[in-house]
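Listed below are the residues making up each chain.
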Amino acid sequence: MGQKENRNRLSVCNKICYAVGGAPYQITGCALGFFLQIYLLDVAQLDPFHASIILFAGRAWDAVTDPTVGFLVSRSPWTRFGRMLPWILFSTPLAVISYFLIWYVPPFENGKVIWYLVFYCIFQSLQTCFHVPYSALTMFISSEQKERDSATAYRMTVEVLGTVVGTAIQGQIVGMANAPCLPGPGDILANLSNYSLLAGHNSSEPVISLDHTKTAYMISSGIISIIYVLCAIVLFCGVKEQKDSCRPRSEPMGFFQGIRLVMGHGPYVKLIMVFLFTSLAFMLLEGNFALFCSSTLGFRNDFQNILLVIMLSATLAIPFWQWFLTRFGKKTAVYVGTLAVVPFMILVVCVKSNLIVTYIVSFAAGVGVAAAFLLPWSMLPDVVDDFQVQNPNSTGHEALFYSFYVFFTKFASGVSLGVSTLSLDFAGYISRGCTQPEAVHVTLKVLVSAAPIVLILIGLTILYFYPITEERRQGNRKLLQEMRDNEADSETESTELANMI
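Note that the structure is a prediction, hence the values are computed from the model and not measured. (Residues numbered from 1 in each chain as written. Predicted model: local features only at pLDDT ≥ 70, side-chain atom pairs only at ≥ 80, totals over all residues. Heavy atoms only, no water.)

**Quick look at the overall build of the protein chain**
Right, on to step 1. A count of helices and strands for the protein chain gives 19 helices and 0 strands.
Right, on to step 2. For the protein chain, the residues scored as buried account for 55% of the 501 residues in total.
Right, on to step 3. Roughly 21200 Å² of accessible area belongs to the protein chain as shown, and the carbon and sulfur atoms make up 68% of that amount. (Helix = DSSP H or I, 4+ residues; strand = E, 2+ residues; numbered from the N terminus. Buried < 20%, exposed > 50% of the residue type's maximum accessible area, 1.4 Å probe, protein only. Areas by Shrake-Rupley, 256 points an atom, 1.4 Å probe, with all protein chains shown as cover.)

Quick look at the structure:
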């Protein structure tokens, strides 16, 4: 028994290597979430309608691939490297190539929409082949719930650091080569009296063209691609997948049979509904905050720093929320953490444009963002354990649970980006415009404040009916440990009997 416990215990190095594997998804996801919309509108210069098609269709395709990959992973044979790690290894090279091509502006106009749609879909599919097995790997690094919770805490810390890295690399490099806005007729008339002064001022400054901005996006995407590959190597070399960390798998089942099995578990359905609404809220905020800062608040040259402040604050808050959920329980932590961001969502649209106030509000909002990011993921292993207790003869479906969880994340992202970009089209958004119509400002305020708040309240209302309490979670943990101990004893007795024969 002591040897088994030592085998299930993870070293700090194992946990760090496991955690590093979560960085690529967050780095690329943060770069795409914060910057893809503004890149398609202002750099690739697509009209908002076509941009909305790319964003929604790409995410919708990505969402569909999650259950498919989860099903394929669940039926994958065991190899000497494990069952999850080969997926991660082989998907990485093609994923980074397709990611780089998303940020390249092709030298033709007619096929631009197809270009971005194709490579966006390819990247999302390949990243799914990385992220779904990686998410399910949580259940295979140890059979001890305490060790898995600890590894998850490491993972969430690194993932939030990944969002900081993604925001910093993309934001700071692009921010240094931010092409000036294009004045409209009203802007030209308003500044006609100061034309000579502006001309004299501009002649002494280096001119940043749109080509410089395009190059900056390619440089940042190249750096992120290198980090993606390095993180995948660290994960593959530093983590050992345990074949006996879970009980034997049940007989393989069909795709739709697996869906019915997973979606028939009540606590799981409630949790993914909570995650769907809260994810949709924060995806709306994430996808539109850069445009809100640059267009509505007027901080065109500072928005990347504001985003960085939010992510840094979220990183610093992770240890606090980890302590909070341990002290007060996961369900209470979700309520407190998610509601903590609501006052700052209201404040950022109500306070008159002021850079210092915006930085303060952004730092405070980052604390709530950390909670919304960390806490729902920490509850998923509890649901998987609850399912295994209630269905002891149906095992080996961890990848399906995690794939549907990721599916709803990406579905929320696709809906939020598609709807918000289409809303900006209806409001009359002007690409690279120095000023925007009032309808655009109102739309952006709704997308970063009112709509997310309503979605958060709906999600937390559903959370009220989530049945897995701390007592039930601890009970499931004890029952599963007893099952594993009994199976280990049975295997030992069978081995001894076979040796005697």
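Still more to cover.
**A look at the side chain of T28**
Right, on to step 1. Summarising the element assignment, T28 is placed in helix α3 (residues 23-42).
Right, on to step 2. According to the relative accessible area criterion, T28 is buried, its value standing at 1%.
Right, on to step 3. Contacts of T28, omitting those with residues within four sequence positions, involve Y99, F123, Q127, I224 and Y228. (Contact = heavy atoms within 4.5 Å.)

**Comments concerning the packing of helix α12 (residues 266-296) against helix α13 (residues 303-328)**
Right, on to step 1. Where α12 contacts α13, the axes come no closer than 9 Å and their chain directions differ by 135 degrees. Judged on the interaxial angle alone, α13 and α12 are oblique. In the packing of α12 onto α13, the handedness of the crossing is right-handed. Between α12, through F289, A290, C293 and S294, and α13, the contact on the second element is made entirely by F303, I306, L307 and I310.
Right, on to step 2. Here the contact of α12 with α13 is built from residues that sort into 7 nonpolar, 1 polar and no charged. (Axes fitted to C-alpha atoms, helices over the stretch in contact; angles between N-to-C directions. Parallel < 35°, antiparallel > 145°, perpendicular 65-115°, else oblique. Left-handed = near helix turned anticlockwise from the far one by under 90°. Nonpolar A, V, L, I, M, F, W, Y, C, P; charged D, E, K, R; others polar.)

**Regarding the environment of S431**
Right, on to step 1. Position of S431 relative to the elements: it lies in the loop between α17 (398-427) and α18 (438-463).
Right, on to step 2. C-alpha separation for the pair S431 and D42, spaced 389 residues apart in sequence, amounts to 5.2 Å.
Right, on to step 3. For S431, the residues in contact, after removing those within four places along its chain, are L41, D42 and L46.

**Section: the confidence of the model for the protein chain**
Right, on to step 1. On average, residues of the protein chain score 79 in pLDDT, and 84% of them reach the 70 mark or higher.
Right, on to step 2. By mean pLDDT, helix α9 (residues 195-203) is the weakest element of the protein chain at 43, and helix α5 (residues 85-102) is the strongest at 92.
Right, on to step 3. A low-confidence stretch, residues 192-205 (pLDDT under 50), is modelled with 1 contact involving residues beyond four sequence positions or located in other chains. (pLDDT = per-residue confidence, 0-100.)

**Notes on the pattern of salt bridges**
Working definition: two side chains of opposite charge can pair if their charged atoms are close together.
Right, on to step 1. On inspection of all chains with the given rule, the structure shows 4 salt bridges.
Right, on to step 2. Linking K112 and E109 is a salt bridge whose minimum nitrogen-to-oxygen distance equals 3.3 Å.
Right, on to step 3. For the salt bridge of D386 with R472, the shortest nitrogen-to-oxygen distance reads 2.9 Å. One end of the pair, D386, is in helix α16 (residues 355-390); the other, R472, is in helix α19 (residues 470-500), with 86 residues separating them in the sequence.
Right, on to step 4. With a relative accessible area of 1%, D386 lands in the buried category.
Right, on to step 5. You can call R472 partly exposed: its relative accessible area is 27%. (Salt bridge = Lys/Arg side-chain N within 4 Å of Asp/Glu carboxyl O.)

**So, α3**
Right, on to step 1. With 20 residues, α3 should reach 28 Å at 1.5 Å per residue; the first-to-last C-alpha distance of 28 Å fits that figure.
Right, on to step 2. Maximum bend of α3: about 50 degrees, positioned at F35.
Right, on to step 3. Most of α3 is tucked away, with 19 of its 20 residues classed as buried. (Expected span 1.5 Å × (residues − 1). Bend = angle between axes of the 7 residues up to and from the residue.)

**Observations concerning the packing of aromatic side chains**
Right, on to step 1. If you walk through the whole model with that rule in mind, you get 22 aromatic pairs.
Right, on to step 2. An angle of 75 degrees between the planes, with centres 6.1 Å apart, marks the rings of F108 and W115 as edge-to-face.
Right, on to step 3. A connected cluster of aromatic rings, assembled from ring pairs, spans Y39, Y99, W103, Y116, F123 and Y217.
Right, on to step 4. Looking at R327, its charged tip hangs above the ring of F328, at a distance of 5.0 Å from the centre. (Phe/Tyr/Trp six-rings, centres within 6.5 Å; stacked < 30°, edge-to-face > 60°. Lys NZ or Arg CZ within 6 Å of the ring centre and 35° of its normal.)

**Some details on the packing of α12 against α18**
Right, on to step 1. The contact between α12 and α18 brings their axes to 8 Å, and the two run at 165 degrees. Classed by the angle they form, the pair α12 and α18 counts as roughly antiparallel. Along this stretch, α12 crosses α18, giving a crossing that reads as left-handed.

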